[in-house]
Amino acid sequence: MHSPAFTPLRGIDRAPVLSTVAAGAEATLSPIGNRETGYFNGLYAARADSQAYDTAARRRLRDLSDSLIAERLS
């Protein structure tokens, strides 16, 4: 969960403003107390991309992440 992208913050001032800091804060806090769990798109419960539910894809991502971390730490 994170606030909407491209809020008007320093460092991304050349990007188009797609949301406000207030909207980002509302979206970040809205799942608290919400009975629905899982993925949220802004204020609304949603379904993530189908790849997020693919067991083989998740395993591959985990393996790649572990490999990159191990390489960096060695």
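Anyway, here's the lowdown on the structure attached to this text. (Residues numbered from 1 in each chain as written. Predicted model: local features only at pLDDT ≥ 70, side-chain atom pairs only at ≥ 80, totals over all residues. Heavy atoms only, no water.)

Before going further, it helps to examine the overall build of the protein. The helix and strand inventory of the protein stands at two helices and two strands. For the protein, the succession of helices and strands along the chain, N to C, is α-β-β-α. For the protein, the proportion of its 74 residues judged to be buried stands at 9%. Long-range contacts, defined here as pairs at least 24 residues apart, represent 10% of the contacts in the protein between residues at least 6 apart. As displayed, the protein has an accessible area near 6600 Å², and 55% of this comes from carbon and sulfur atoms. (Helix = DSSP H or I, 4+ residues; strand = E, 2+ residues; numbered from the N terminus. Buried < 20%, exposed > 50% of the residue type's maximum accessible area, 1.4 Å probe, protein only. Contact = heavy atoms within 4.5 Å. Areas by Shrake-Rupley, 256 points an atom, 1.4 Å probe, with all protein chains shown as cover.)

Note on pairing: side chains with opposite charge can pair once their charged atoms come close. A complete count under the given rule lists one salt bridge for this structure. Asp-63 is paired through a salt bridge with Arg-59; the nearest N and O atoms lie 3.2 Å apart. Note that Asp-63 and Arg-59 are positioned in helix H2 (residues 55–73) at a spacing of four residues, about one turn of the helix. (Salt bridge = Lys/Arg side-chain N within 4 Å of Asp/Glu carboxyl O.)

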